[in-house]
Amino acid sequence: MTILLSLATVVAGAIAYTKIPVAALPSFNSPVIQVSATLPGASPENMASSVALPLEKEFSTIDGINVISSTNYLANTSITLEFNNNRDIDKAAVDVQAAMLRAQKRLPIEMLIPPSYRKVNPADAPVLLLALTSPSMNLAQITDYAENLLSPNLSTIDGVAQVLVYGSKRYAVRVRAIPAKLALNNLTMDDLNVAINRANSNSPVGVLDGPRQSLTIYANAQMVKASDYANLIIAQRSGNPIRLKDVAEVSESFESVRSLGRFKDERSIVIAILRQPSANTVKVVDAIKGMIPQFEKQLPASLKVNLLNDRSRSIKESLHDVNLTLALTILLVVLVIFLFLKQAAATLIPAMSLPVSLIGAFFLMYFMGYSLDNVSLLGITLAVGLVVDDSIVVLENIIRHIEEGMHPLKAALTGSKEVGFTIISISISLVAVFIPIFFMPGPVGLLFREFAVVVSLSILVSAIVSLTLVPMLCSKFLPKISHDHQTKDVWIVRKFEILFNAIFNAYSRTLDVALKYRFYVLLTAFGTFALTAALFMTIPKGFFPEEDIGQIIVTTEASEDISFEAMLALQDQAANSVMKDPNVDTFVSVLGGGASTGTNIGRLFINLKPKGDRPKMSLVLENLRKNFRKIPGLLVYMRPVQNLQLGGKQSKSRYQFILQSVGIEGVNEWSEKVQAKMKADPDFRDVTSDSQLKGLNVRVNIDREKAASAGVTMQDIRTALYSAYGEKQVSTIYTPVNTYQVILEVTAADKQFESDLNFIYLRGRATDKLVPLSGIASFERFIGPTAVNHQGQIPAVTISFNLAPDVPLGNATTKLENFTKEIKLPVSIITSYGGDAAVFKDGQAGQAILLIAAVLVIYLLLGVLYESYIHPLTILAGLPSAAIGALLFLQLFGMELTIIATIGILLLIGIVKKNAILMIDFALDAKRTQNLPAAEAIKLACLVRFRPILMTTLAAMMGALPIALGLGAGAELRQPLGIAVVGGLLFSQVITLYITPVIYIYLDKFAGDGPLNVPPEMMPD
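Residues numbered from 1 in each chain as written. Predicted model: local features only at pLDDT ≥ 70, side-chain atom pairs only at ≥ 80, totals over all residues. Heavy atoms only, no water.

Most of strand 15 (residues 269-275) sits inside the fold, with seven of its seven residues counted as buried. Here strand 15 shows no split at all, with Ile-269, Ile-271, Ile-273 and Arg-275 on one side and Val-270, Ala-272 and Leu-274 on the other all buried. (Buried < 20%, exposed > 50% of the residue type's maximum accessible area, 1.4 Å probe, protein only. Helix = DSSP H or I, 4+ residues; strand = E, 2+ residues; numbered from the N terminus.)

Here the phi dihedral of Ser-238 falls at roughly 55°; this positive angle occurs in a residue that is not glycine. Residue classification places Ser-238 among the exposed residues on the basis of a relative accessible area of 78%. If you check the backbone angles, Asp-768 has positive phi at about 60° while not being a glycine. For Asp-768, the location among the structural elements is in the loop between strand 26 (761-763) and strand 27 (770-772). On the basis of relative accessibility, which here comes to 52%, the residue Asp-768 falls in the exposed class.

Next up on the list: the packing of aromatic side chains. Inspection of every chain in the model, using the stated rule, returns 16 aromatic pairs. Judged by centre distance (5.6 Å) and plane angle (85°), the rings of Tyr-171 and Tyr-740 are edge-to-face. Taken as a pair, Tyr-171 in strand 7 (residues 171-177) and Tyr-740 in strand 25 (residues 739-746) lie far apart in primary sequence, 569 residues in all. Note on accessibility: Tyr-171 and Tyr-740 belong to one class, buried. Their ring planes at 35° and their centres at 6.2 Å tell us that Phe-889 and Phe-893 sit as a pair that is tilted. (Phe/Tyr/Trp six-rings, centres within 6.5 Å; stacked < 30°, edge-to-face > 60°.)

This part takes up a nonpolar patch on the surface. Taken together, the side chains of Val-513, Tyr-517, Phe-519, Tyr-520, Leu-523, Phe-526 and Phe-529 make up a nonpolar region of the molecular surface, amounting to roughly 740 Å² of accessible area. With five residues, helix 16 (residues 518-538) is the single largest residue contributor to the nonpolar patch. (Patch = residues over 30% accessible without salt bridge, like charges linked within 9 Å, V, L, I, M, F, W, Y side chains within 5 Å. Areas by Shrake-Rupley, 256 points an atom, 1.4 Å probe, with all protein chains shown as cover. Salt bridge = Lys/Arg side-chain N within 4 Å of Asp/Glu carboxyl O.)

What follows concerns the pattern of salt bridges. Enumeration over the complete set of coordinates arrives at 35 salt bridges. The shortest N-O distance in the salt bridge between Glu-745 and Arg-174 comes to 2.9 Å. Taken together, the positions of Glu-745 in strand 25 and Arg-174 in strand 7 put the pair 571 residues apart, joining distant regions of the chain. Residue Glu-745 is classed as buried on the basis of its relative accessible area, which comes to 2%. Residue Arg-174 is classed as buried on the basis of its relative accessible area, which comes to 0%. A salt bridge links Arg-614 to Asp-548; the shortest N-O distance between them is 2.9 Å. One end of the pair, Arg-614, is in the loop between strand 19 (601-608) and helix 18 (617-628); the other, Asp-548, is in the loop between helix 16 and strand 17 (551-557), with 66 residues separating them in the sequence. The same class applies to Arg-614 as to Asp-548, namely buried. What emerges from the salt-bridge pattern is a single network uniting Arg-174, Arg-176, Arg-258, Glu-727, Glu-745 and Lys-751.

This brings us to the domain arrangement of the protein. Per the domain assignment, the segments making up the protein are domain 1 (31-120), domain 2 (126-170 + 268-308), domain 3 (171-204 + 217-254 + 695-752 + 759-784), domain 4 (317-478), domain 5 (507-538 + 868-1010) and domain 6 (550-639). Computed from C-alpha atoms alone, the centre-to-centre distance between domain 4 and domain 6 is 49 Å. (Domains from an automatic or database assignment.)

As summarised here, the arrangement of the six strands in space is 14-13-18-19-17-20, forming an open sheet in which the pairing is antiparallel. At either margin of the open sheet sits one strand with a lone partner, and together these are strand 14 (266-267) and strand 20 (635-640). Bridging between strand 17 and strand 19 involves seven bridges; their strand directions are antiparallel. The residue bridging Thr-555 from the neighbouring strand is Arg-603, located in strand 19. (Pairing = 2+ DSSP bridges.)

Next up on the list: the side chain of Asp-1004. If you trace the backbone, Asp-1004 turns up in helix 30 (residues 971-1004). The class of Asp-1004 is buried, set by a relative accessible area of 12%. Polar contacts involving the side chain of Asp-1004 include one to the side chain of Lys-927, which spans 2.9 Å. Ignoring sequence-local partners within four residues, the contact set of Asp-1004 consists of His-871, Lys-927 and Ala-934. (Polar contact = N/O pair within 3.5 Å; in protein donor to acceptor, adjacent residues only side chain to side chain. Contact = heavy atoms within 4.5 Å.)

Time to look at the sheet that holds strand 15. Pairing in this open sheet of four strands is antiparallel, and the strands run 6-15-5-16 from one edge to the other. If you trace the sheet from one side to the other, it starts and ends with strand 6 (160-166) and strand 16 (304-308), each paired once. Ignoring which end each strand starts from, the neighbouring axes of this sheet average 20° apart. Alignment of strand 6 against strand 15, held across six bridges, turns out to be antiparallel. Its bridge partner lying in strand 15, Tyr-166 is registered against Val-270. In this fold helix 4 (residues 139-155) packs onto strand 5 (128-133), strand 6 and strand 15, with an angle of close to 15° to the strand it touches most, strand 15. (Axes fitted to C-alpha atoms, helices over the stretch in contact; angles between N-to-C directions.)

In terms of nonpolar packing, the biggest core is built from 181 residues, with Phe-448, Phe-451, Phe-543 and Phe-801 touching the most fellow members. Considering each element in turn, this core owes the most residues, 20 residues, to helix 27 (residues 899-930). Taken together, domain 4 (317-478) and domain 5 (507-538 + 868-1010) each give at least three residues to this core, which thus spans both. Ignoring anything within four residues of it in the chain, the contact list for Phe-801 reads Ser-653, Arg-654, Tyr-655, Gln-656, Phe-657, Met-678, Phe-684, Arg-685, Asp-686, Val-687, Ala-812 and Leu-816. Core analysis: the next-biggest nonpolar cluster, separate from the first, contains 55 residues, Ala-146, Val-165, Phe-295 and Leu-604 among them. (Core = buried A, V, L, I, M, F, W, Y, C linked by side-chain atoms within 4.5 Å.)

Packing of helix 14 (residues 442-477) against helix 27 leaves a shortest axis separation of 12 Å and a crossing angle of 45°. The angle between helix 14 and helix 27 places the two elements in the oblique class. For the pair helix 14 and helix 27, the sense of crossing is right-handed. The segment helix 14 lies against helix 27, with Val-444, Phe-448 and Phe-451 engaging Ile-899, Ile-900 and Ile-903. Of the residues that constitute the contact of helix 14 with helix 27, the class distribution is six nonpolar, no polar and no charged. (Parallel < 35°, antiparallel > 145°, perpendicular 65-115°, else oblique. Left-handed = near helix turned anticlockwise from the far one by under 90°. Nonpolar A, V, L, I, M, F, W, Y, C, P; charged D, E, K, R; others polar.)

On to the packing of helix 9 (residues 281-298) against helix 10 (residues 311-341), then. Contact geometry for helix 9 and helix 10: axes closest at 9 Å, N-to-C directions at 125°. Taken together, the axes of helix 9 and helix 10 lie oblique to each other. You can see that helix 9 and helix 10 cross each other, and the crossing is left-handed. Contacts between helix 9 and helix 10 involve Thr-281, Val-282, Val-285, Asp-286 and Lys-289 from the first element and Arg-311, Ser-312, Ile-315 and Lys-316 from the second. When its residues are assigned to classes, the contact of helix 9 with helix 10 shows three nonpolar, two polar and four charged.

Next comes the structure, spelled out in structure tokens:
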């Protein structure tokens, strides 16, 4: 029955393994919704006050919102809503939609397109880019296919949040009025607006309903071509018709002339696909790739779809390498068992427990809805060295009895019974280590909850297997006298046996010395406590290891008053620099369009060559940064793409420091002082902010009395200016496949300088004559904002920054806090961190609390198991030595104490106390059954249990060694944990073998006689 149940577990786990979804990291719900609004021609301040603020006030009434932040550029507003982790994103979206409807009446009437929302994190990188190129098609034709075929179909894929089209060249008819000719013909911009709109009406005209038939009435079709509009008669002057071409330049153009995409060295249309916050990246990308063959059948042969920046590739490579690491770990662990037990049958028995424990865990993972990702497979890999521990302890005890001449069946029953309580204690206390993880707040707790569950499930299954399957296999397959069947011909076994005997004899002698001079050993134990605290305080603190998935997002920024043509030239220089870099495989350059805002900001999406063909990421960034510095007038900020994206605020660099104040002037002034300090410090890189205050503006100072005398209202003036310079949509062209705009503006030559405002005329109602704008207003230049940012409905500036290579985040945050003190930042300026830095600061105290909570949980559990207050203290006394080894090894290899490394130390707590349990449990049994004194009992326990302690420690170490070596893709994430475990085990293995027996002797006198034995006569009848 035991074998059948084990086989059933393996089969169920194998089937589940093929169905478990693949991901980079565990899926944890971090609900983020982005709201977008557009009002062509509106200034950033106007967007902030008339669009963003009414929406923010309504959003603030929604339950479960953590952060409301907004960015307002020319004609665009983007509001990011970050919700609590336990908030359902679909229900939150319903609340957001209701709030938008409530705010609708307070939004400007000129906003023809209402605000829209997406369940997308704007700070996240696209999961895939599609670059559309063709040698024979123009960009407008490519745009039609991108917007009418690809984008709608891609948007329907489950998990896709948003499909952005960069460099879009959607067809539009542009009417560029010539102000001088308008004035000559007694016309205004408003006259053109009305004439074009009325001439291109698409309103229904009705039905003729006769006695026998009904006739649907059709009027002339809408005008589509620019030539149709050019011949449009807009007015009559002295009996002569005035056509649109007489006063304006009419051409077939694009909706946006300030956007462009580039793939390698040719112009292209770029489609970026963003996933929903909780969507599976691999599943989404695979679904997109599955649709490409269908698209290619419908696309022209000359139109090529290039797949770029595939984020699923790095995930698959990482998981493939983790599987190889898992296989290597299993081989190392089996080798350790073979070297100690010296026979194939004894080696295969614990090795057979591996598939039952690990593959059985896959079934439970599938049942609980988990994924195969870096964190869960990291847990499985580490579990290899842990799940065999129980089997090794049982097997070694059974073999010891067989070597003493006992029959294998009796040895199996006796041996498993002797260590049954030990196995239960080890397994339950090891699982208890992970209990505090389930109470960790925030995304970090959600992220590592899966790790804790996977390791715990493997350990629990292993405990059951070691007490059922292992004894049964021992009774069936181990020979009666295993000594006669030793593998004497294998030289490595003979050499290892000699080495082990030498180590055992040396330990036996040094143990006697330690017990003789136990006071000094006790002082050493206290020294480990102090050294652990000192190392924990001084070691550099980090947040999450920076992954190298081979992708970089570059943000380019020029002066705020730069023209589009000048910015395009700078962007092309940056793209050429990237194209020449030997470490770059492919790249895409975009300017305007999509989610880009601001005419002075561009982006590059870079895909690097495989890791084996290039230097590490930090060196690649430094090389790119050096080349970008050669481009005058362009600032460049780089951010390596990470699988873990925390926070929803889009920034140019990885980390964020936020300043808020009611007064926008104060917060900008102080943010510049903080930035000056950061830029002067070599630890900081790519320091910038989202504050843009140096844009050139023109203020129209209207003389209200003169305007009123001329019969011109403020609304007339604003409408005229908007028609001239706002790229105003004055009509819509409806076709069977899409809708296109008719856009009104003045010619490019008439909108270059503030003096061009002199040629704008308005119709005065008092005389019905044209009134020059210059007659009722004056014009002046001033410096003003090109972006206005809010957080929590008040002005805010976000400073974003990267760090120099090998600079810990903890050091950077400490310096930032010192900078604010040095510049004497007033209390009216509120400071906080955003994104990764915010989670790091929140979790600083949590790391120590996590470790202390784990120790307390183990103490309580061991106290219950041993029914003693003292023995758990003895067992836990060796834990500081493990922490010392972990912290020293992290510093030796130049690594920070990150969340990953802390989880490794947490795991060490569970592994190291196992050695003490093996010794203490045997000593207590020897005292009870053999009436030995405490010193003799613990010495006997140390010697008898030395082999299983060494075996289990080496097995656990071999389980972590491939992880510590940092092999394969995604190794940056796993390596700190492996180094912490290996270092801790190496150091603690030596220390605890001496500290534990000494502390046991000192504390045994306070332990009492154990559980109270009630005489039978005292029992109630």
